[in-house]
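# Commentary on secondary and tertiary structure
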Amino acid sequence: METKQFKAESKRLLDMMINSIYTHREIFLRELLSNASDAIDKIYYKALTDDSLTFDKDSYYIKVSADKENRILKILDTGIGMTKEELENNLGTIAKSGSLAFKSENEAKDGFDIIGQFGVGFYSAFMVADEVTVNSKALGSDQAYKWESKGAEGYTIVPSEKDSIGTEITLKIKENTEDDSYDEYLEEYRIKEIIKKYSDFIRYPIKMDVTETKLKEGSDNDYEDVQAEQTINSMVPLWRKNKKDLTKADYDQFYAEKHYGFDKPIKHIHISVDGAVRYNAILYIPEKIPFDYYSQEFEKGLELYSNGVLIMNKCADLLPDYFSFVKGMVDSEDLSLNISREMLQHDRQLKLIAKNIAKKIKSELVTILKNEREKYEEFYHSFGRQLKYGVYSDYGTHKEELQDLLMFYSSTEKKMVTLDDYVSRMPEEQRYIYYATGESTERIDKLPQTELVADKGYEILYFTEEIDEFAIKMLMTYKEKEFKSVSSGDLGFEADDNQNTATEEKENQELFDAMNNILNDKVKAVRVSKRLKSHPVCLTTEGEVSIEMEKILNAMPNNQNIKADKVLEINVQHGVFESLKDAFEKDQEKLALYTTLLYNQALLIEGLPIEDPVEFTNDICKIMI
Ligand code: ADP
Ligand code: MG
């Protein structure tokens with residue numbers, strides 16, 4: 001019989017399990033039971049679309065049995081079973097496991113804690129067993145197969161005997177050692193306790209043969225022990241329970257059990273509606289970004305149940321894209337069990353539920369923002385970008401809905417602020433909401449363009465994410481105040497020395513024309529700057545497209561080579577201006593050199609690439625010698 005090796009990642013997980021610490025071990029049962037429940041779900045789910053299958057509730061269950069003497073614990077389910085290939089693929093390789101990916105990132109920080117908190121899967125059986133056998137017969141096949149492993153050495157798969165569809169897992173519980181006892185996992189009371197603790201909401205009966213002490217028949221003082229089958233779990237789902245009877249820990253546990261995420265949610269929302277459409281929902285606002293959140297693979301959606309029966313794992317229609325981070329489930333009595341995906345999209349009830357849910361999420365976020373600012377900032381750090389996409393997408397349809405949830409870094413507060421914060425402290429004469437764009441707050445802090453607006457004492461919002469400016473252009477106004485980039489041609493207020501600017505502009509028109517000629521068509525104009533205080537030059541733009549937008553648009557795959565209309569602004573108070581004038585009069589070559597140098601400097605400050613870095617460094621050398 002060939003012994004196969006585990007894949008590297010699986011091996012790592014396996015080692016982690018074998019060497020786990022005492023307090024985590026009991027969760028192996030939770031893992032095996034939820035796998036069993038998942039397997040029954042799969043049949044349930046299949047029966048919805050496959051007429052040849054009927055789902056008779058009573059014939060689906062999970063059974064746990066312990067044999068103390070032989071140190072055997074069995075978990076049997078009547079679920080979908082596994083084929084030979086599935087045994088191989090599902091139990092031989094567990095690299096897809098999200099918890100593992102998460103673990104490697106946080107290994108140093110959290111140690112082995114992850115085992116206790118999150119779904120770690122099938123291999124957790126090796127925390128308590130030194131030998132694991134999985135005997136399984138898949139739905140639709142005649143042959144059963146047995147997967148067997150003693151851990152690190154690998155595993156074998158051979159044909160086997162099994163009468164009915166489903167899976168039976170046999171654990172050979174480890175012998176006690178000097179430090180560790182494993183006996184408890186064979187004790188009836190302890191197994192019951194673990195099932196209650198972790199798996200009470202499992203929707204299928206978890207049965208166990210338990211010993212009951214009963215009066216002997218016909219006697220009134222003679223007792224005997226009899227074996228009787230009992231269902232251990234209550235099976236009442238959390239969402240059907242009364243909110244008053246539930247604690248935050250219950251909701252957190254549900255979140256972990258359901259594998260909604262590896263984090264602890266920031267908030268849960270428990271909704272029970274008994275109106276035009278009846279439904280229960282438990283929604284979560286996660287704390288951390290799922291590792292695939294901003295990727296193509298991410299699928300939004302809520303679990304959808306029809307009267308307690310899972311009908312869809314990820315019902316996308318229940319969540320708008322801008323709230324795609326929300327996890328959870330919806331159960332409605334008013335939805336038909338046999339509804340197809342296509343029909344679902346047009347279902348009136350579902351639309352009502354979705355609308356309702358979006359409203360609840362919004363109001364919950366507003367409440368967190370109001371009452372628990374720090375928590376909100378944490379949330380916003382993770383998912384703010386999605387909200388901004390929400391403002392931008394669908395031609396701004398949802399902007400009203402989302403504008404109050406936005407936050408940006410403030411130049412004066414040095415922290416994240418809302419648009420409402422900003423507008424409510426605007427001085428009366430200030431006409432616009434000012435913003436500056438750049439790679440990071442540190443870089444924007446040093447942008448010359450911000451100087452004049454900052455000097456006026458006006459607050460500036462820092463846009464550091466690609467989506468920011470696009471979202472704001474879609475928003476256009478907030479509380480009737482327009483947004484204005486500090487780099488835009490007209491800042492919307494009179495600079496104090498406006499008169500001087502005009503004079504300087506006139507007096508030096510020839511010089512500016514000459515510079516413009518030197519720069520050819522790289523800029524639209526060269527002008528006297530009204531905004532610069534200490535820096536010699538900067539680039540500003542005219543028209544709709546800003547420099548930041550040019551950068552983003554040109555980085556897109558369907559690059560249409562869109563250019564911002566750039567203006568090179570010169571600070572006439574700066575020493576270099578005298579040098580420019582001097583060169584203009586005496587030495588055209590020098591003027592050309594200075595002009596390109598200054599232009600390239602302005603590009604660098606903007607974070608734009610300079611066309612010819614070699615020429616640029618040569619130019620610098622020229623002024624040194
Ligand atoms: P997860 O449950 O997160 O997918 P596990 O390690 O718990 O990861 O299980 C791996 C896979 O093995 C499952 O996805 C499932 O396909 C299969 N599996 C495990 N236990 C059973 C079972 N009792 N019946 C059918 N398939 C199972
Ligand atoms: Mg599992």
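In the block above lies the structure referred to throughout.
On a predicted model such as this, the values are computed, not experimentally measured, just so you know. (Residues numbered from 1 in each chain as written. Chains lettered and ligands numbered in written order. Predicted model: local features only at pLDDT ≥ 70, side-chain atom pairs only at ≥ 80, totals over all residues. Heavy atoms only, no water.)

A few words on the sheet that holds strand E19 (residues 481-485). Ordered by their spatial adjacency, six strands build an open sheet running E15-E14-E17-E16-E19-E18, and the pairing between neighbours is mixed. Only two strands of the sheet have a single neighbouring strand rather than two, namely strand E15 (416-418) and strand E18 (477-478). Of the strands in this sheet, strand E14 (407-410), strand E16 (432-437), strand E17 (460-463), E18 and E19 are in contact with helix H15 (residues 466-475), which crosses E16 at around 160°. (Pairing = 2+ DSSP bridges. Helix = DSSP H or I, 4+ residues; strand = E, 2+ residues; numbered from the N terminus. Contact = heavy atoms within 4.5 Å. Axes fitted to C-alpha atoms, helices over the stretch in contact; angles between N-to-C directions.)

Looking at the second largest pocket, its volume works out to about 360 Å³. Taken together, 18 residues make up the lining of the second largest pocket; nearest its centre are Tyr435, Lys473, Phe483, Lys484 and Glu544. Among the elements of the structure, H15, E19 and strand E21 (537-542) are those that each provide at least two residues to the lining of the second largest pocket. Sort the elements by how many residues they give to the lining of the second largest pocket and E19 lands first, with four residues. Class assignment for the residues of the lining of the second largest pocket results in five nonpolar, six polar and seven charged. (1 Å grid on protein atoms, 1.4 Å probe; cavity = no way out; pocket = protein on both sides within 12 Å on 5 of 7 lines; lining within 4 Å. Points joined across faces, edges and corners; volume = space filled by probe spheres on them. Nonpolar A, V, L, I, M, F, W, Y, C, P; charged D, E, K, R; others polar.)

Turning to the pattern of salt bridges, a few remarks are in order. Per the stated rule, a full pass over the model turns up 41 salt bridges. Here Asp252 makes a salt bridge to Lys248, at a shortest N to O gap of 2.7 Å. Note that Asp252 and Lys248 are positioned in helix H7 (residues 248-257) at a spacing of four residues, about one turn of the helix. Where Lys388 meets Glu465, a salt bridge forms, and the shortest distance between an N and an O atom there is 2.8 Å. Taken together, the residues span a long stretch of sequence, with Lys388 in helix H10 (residues 373-392) and Glu465 in the loop between E17 and H15 at a distance of 77 residues. A relative accessible area of 4% places Lys388 in the buried class. Overlapping salt bridges bring together Glu26, Glu184, Arg190 and Glu193 as one network. (Salt bridge = Lys/Arg side-chain N within 4 Å of Asp/Glu carboxyl O. Buried < 20%, exposed > 50% of the residue type's maximum accessible area, 1.4 Å probe, protein only.)

Before going further, it helps to spend a moment on the sheet that holds strand E22 (residues 565-570). Strands sit in the order E20-E22-E21 across an open sheet of three strands; the sheet is mixed. Looking along the sheet, the strands with just one partner apiece sit at the ends: strand E20 (525-528) and E21. On average, each strand axis in the sheet is tilted by 35° relative to the strand beside it, whichever way the strands run. Across six bridges, the pairing between E21 and E22 is antiparallel.

Around ligand 1 sit twelve residues in total, of which Asn35, Asp77, Asn90, Gly121 and Phe122 are the nearest. Take Asn35: an N or O atom from its side chain is 2.7 Å from an oxygen atom of ligand 1. With the chains in place, 82% of the 530 Å² that ligand 1 exposes on its own is no longer accessible. Elements represented by at least two residues in the shell around ligand 1 include exactly helix H2 (27-49) and helix H3 (84-92). Broken down by element, the residue count for the shell around ligand 1 peaks at three residues, all from H2. Looking at the shell around ligand 1 residue by residue, the classes come out as five nonpolar, four polar and three charged. (Near = heavy atom within 4 Å. Polar contact = N/O pair within 3.5 Å; in protein donor to acceptor, adjacent residues only side chain to side chain. Areas by Shrake-Rupley, 256 points an atom, 1.4 Å probe, with all protein chains shown as cover.)

Moving on, we get to a nonpolar patch on the surface. Nonpolar side chains collect at one region of the surface, where Ile289, Tyr294 and Tyr389 lie side by side and expose about 240 Å² of accessible area between them. For Ile289, the position within the fold is in the loop between strand E10 (278-285) and strand E11 (302-306). Judged by its relative accessible area of 36%, Ile289 falls in the partly exposed class. (Patch = residues over 30% accessible without salt bridge, like charges linked within 9 Å, V, L, I, M, F, W, Y side chains within 5 Å.)

On a regular strand, one side chain projects to one face of the sheet and the next to the other, so that they alternate. Neither face of E17 is open: one carries Ile460 and Tyr462, the other Leu461 and Phe463, and all of them are buried. Bridge analysis of E16 against E17 gives four bridges, and the strand direction is parallel. Across the sheet, residue Thr437 finds its bridge partner in E17, namely Phe463.

Moving on, we come to H15. The buried fraction of H15 is high, at seven of ten residues. Buried within H15 are the following residues: Ile467, Asp468, Glu469, Phe470, Ala471, Ile472 and Leu475. Immediately beyond the C-terminal end of H15, within one or two residues, lies Met476, with a positive phi of roughly 65°.

A word on the packing of aromatic side chains. Here the distance between the centres and the angle between the planes together describe a pair of aromatic rings. Inspection of the entire model under this criterion finds 33 aromatic pairs. Their ring planes at 75° and their centres at 5.8 Å tell us that Tyr392 and Phe470 sit as a pair that is edge-to-face. With a gap of 78 residues between them, Tyr392 in helix H10 and Phe470 in helix H15 connect regions that are remote in the sequence. On the numbers, 5.8 Å between centres and 10° between planes, the contact of Tyr434 with Tyr458 is stacked. Pair noted here: Tyr434 is in strand E16 and Tyr458 is in the loop between helix H14 (451-455) and E17, with a separation of 24 residues, a long-range link. One aromatic cluster in this structure is built from Tyr293, Tyr294, Phe298, Tyr322, Phe323, Phe325, Tyr376, Phe379, Tyr380 and Phe383. One Lys or Arg, Lys207, reaches over the ring of Tyr61 and ends 4.4 Å from the middle of that ring. In this structure, Lys484 is placed above the aromatic ring of Tyr432, and the distance from its NZ or CZ to the ring centre is 4.7 Å. (Phe/Tyr/Trp six-rings, centres within 6.5 Å; stacked < 30°, edge-to-face > 60°. Lys NZ or Arg CZ within 6 Å of the ring centre and 35° of its normal.)

In contact at an axis separation of 5 Å, helix H9 (residues 348-371) and H10 are set at 125° when each is read in the N-to-C sense. One finds that H9 runs oblique with respect to H10. In contact with Leu365, Ile368, Leu369 and Asn371 of H9, H10 contributes Arg373, Lys375, Tyr376 and Phe379. Partitioning the contact of H9 with H10 into residue classes produces five nonpolar, one polar and two charged. (Parallel < 35°, antiparallel > 145°, perpendicular 65-115°, else oblique.)

Below, the discussion takes up the environment of Thr450. Its location among the elements puts Thr450 in the loop between helix H13 (441-445) and H14. With 15 residues separating them along the chain, Thr450 and Tyr435 place their C-alpha atoms 8.7 Å apart. The residues contacting Thr450, other than those within four sequence positions of it, are Ala436, Ile444, Asp445, Ile460 and Val486.

Let us now look at the side chain of Lys300. Within the secondary structure layout, Lys300 lies in the loop between E10 and E11. From its side chain, Lys300 meets the backbone oxygen of Ala316 in a polar contact 3.4 Å long. Polar contacts involving the side chain of Lys300 include one to the main-chain carbonyl oxygen of Leu319, which spans 2.5 Å. Setting aside its immediate chain neighbours within four residues, Lys300 contacts Lys314, Ala316, Leu319, Pro320, Asp321 and Ser324.

All right, on to unusual backbone geometry then. One non-glycine residue with positive phi stands out, namely His259, at about 55°. Structurally, the position occupied by His259 is in the loop between H7 and strand E9 (267-274). According to the relative accessible area criterion, His259 is partly exposed, its value standing at 46%. Of note, the phi angle at Met476 is positive, near 65°, even though the residue is not glycine. You can see Met476 is positioned in the loop between H15 and E18. What makes Met476 exposed here is its relative accessible area of 53%.

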